[in-house]
Amino acid sequence: PSLENLRAGLAQKWRNALNKAQRQDIDIQIKQDITAQALFLKHYLQDRLDKKYAGASPAFLKVLMETAQHTDDLIIAETYQKGRLIAAQLFITHGKAATYQAGWSSRQGRASNAHTLSLWQVMEQLKDKGVIWLDLGGIRHTDNEGLTRFKKGTGGQIITLTGQYG
């Protein structure tokens, strides 16, 4: 769909958060370099420890970023406000699709809706690259209601997949 149709499909609260973020002095920088990778992992690990969530292991993300960087499939969206890094998101592209892998946000980042603006700008960039499918990852209705609401607010389709059994 066009960007206009994508925006129209956003939940009202998500669109309001995007509008709020766009009125603020927020700068999104897309990077791939090793410095950005190390900075992402440092903040991501601290966020995981502070908030006590499982998430992907930093070792796994490091290998994923190194591999994706060599094929130009790595996107690290760093969000700055007044020169201070307040949030970041990690995406990997693969063909006509992309996957949101991990992200973190500071208190300031959450207050300014940094992830909303960052995700929207990455969606615009992915669309320009010919990506037609963005996987935001799983949702669990029983915990982390804020993340579930955020993902649902994008207006995307919820798909239920079978689990892995060993």
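Above: the structure in question.
Visitor: Report on the environment of D33, specifying residues and quantitative values.
Guide: The residue D33 is located in the loop between β1 (26-31) and α3 (34-51) in this model. When its relative accessible area of 36% is taken as the criterion, D33 is described as partly exposed. Considering only alpha carbons, one finds D33 and I76, 43 residues apart in sequence, at a separation of 9.0 Å. At 3.0 Å, the side chain of D33 forms a polar contact with the backbone nitrogen of T35.

Visitor: Lay out the packing of aromatic side chains in plain terms, naming residues and giving numbers.
Guide: With the rule as written, the count across this model stands at three aromatic pairs. Considering the side-chain rings of Y44 and Y53, the 6.4 Å spacing of their centres and the 70° angle between planes classify their relative orientation as edge-to-face. Relative accessible area serves as the criterion here: at 28%, Y53 is assigned to the partly exposed category. Aromatic side chains F91 and Y100 sit 5.3 Å apart centroid to centroid with 80° between the ring planes, which places their arrangement in the edge-to-face category. Judged on exposure class, the residue F91 and its partner Y100 are both buried. The rings of F40, Y44 and Y53 are connected pair by pair, giving a single aromatic cluster. Across the ring face of W120, the terminal group of R7 is positioned such that the distance to the ring centre comes to 5.7 Å.

Visitor: Provide a residue-level description of the layout of surface pockets, including the pertinent values.
Guide: The computed volume of the second largest pocket comes to approximately 1100 Å³. Forming the walls of the second largest pocket are 28 residues, and the residues nearest its centre are L134, D135, L136, G156 and Q157. The set of elements that each furnish at least two residues to the lining of the second largest pocket consists of α1 (3-8), α6 (114-128), β5 (133-135) and α7 (145-152).

Visitor: Go over the pairing of strand β2 (residues 74-81) with me, naming the residues and quoting the values.
Guide: The element β2 is extensively covered by neighbouring structure, given that eight of its eight residues are classed as buried. A two-sided burial pattern is seen for β2, the buried positions comprising L74, I76, E78 and Y80 on one face and I75, A77, T79 and Q81 on the other. Here β1 runs beside β2; their pairing, made up of six bridges, is antiparallel. Looking at β2, one finds that I26 is bridged to Q81. The sheet contact formed by β2 and strand β3 (residues 84-94) spans eight bridges and is antiparallel. Bridging from a neighbouring strand, I75 pairs with F91 of β3. The hairpin formed by β2 and β3 contains two residues between the paired strands, and K82 there has a positive phi angle of roughly 55°.

Visitor: Can you explain the pattern of salt bridges? Please cite residues and give values.
Guide: Under the definition given, this model contains three salt bridges. With a shortest N-O distance of 2.7 Å, E66 and K62 are connected by a salt bridge. Of this pair, E66 and K62 both sit in helix α4 (residues 58-70), four residues apart, roughly one helical turn. A residue is classified by how much of its surface remains accessible, and K62, at 41% relative accessible area, is partly exposed.

Visitor: Help me get a handle on a nonpolar patch on the surface, residues and values and all.
Guide: Residues I132, W133, I159 and L161 make up a contiguous nonpolar surface patch of about 500 Å² in total accessible area. On the secondary structure map, I132 appears in the loop between α6 and β5. Overall, the relative accessible area of 71% leaves I132 in the exposed class.

Thresholds applied
Residues numbered from 1 in each chain as written. Predicted model: local features only at pLDDT ≥ 70, side-chain atom pairs only at ≥ 80, totals over all residues. Heavy atoms only, no water. Helix = DSSP H or I, 4+ residues; strand = E, 2+ residues; numbered from the N terminus. Buried < 20%, exposed > 50% of the residue type's maximum accessible area, 1.4 Å probe, protein only. Polar contact = N/O pair within 3.5 Å; in protein donor to acceptor, adjacent residues only side chain to side chain. Phe/Tyr/Trp six-rings, centres within 6.5 Å; stacked < 30°, edge-to-face > 60°. Lys NZ or Arg CZ within 6 Å of the ring centre and 35° of its normal. 1 Å grid on protein atoms, 1.4 Å probe; cavity = no way out; pocket = protein on both sides within 12 Å on 5 of 7 lines; lining within 4 Å. Points joined across faces, edges and corners; volume = space filled by probe spheres on them. Pairing = 2+ DSSP bridges. Salt bridge = Lys/Arg side-chain N within 4 Å of Asp/Glu carboxyl O. Patch = residues over 30% accessible without salt bridge, like charges linked within 9 Å, V, L, I, M, F, W, Y side chains within 5 Å. Areas by Shrake-Rupley, 256 points an atom, 1.4 Å probe, with all protein chains shown as cover.

Bear in mind that shape data such as this cannot, by itself, settle questions of function.
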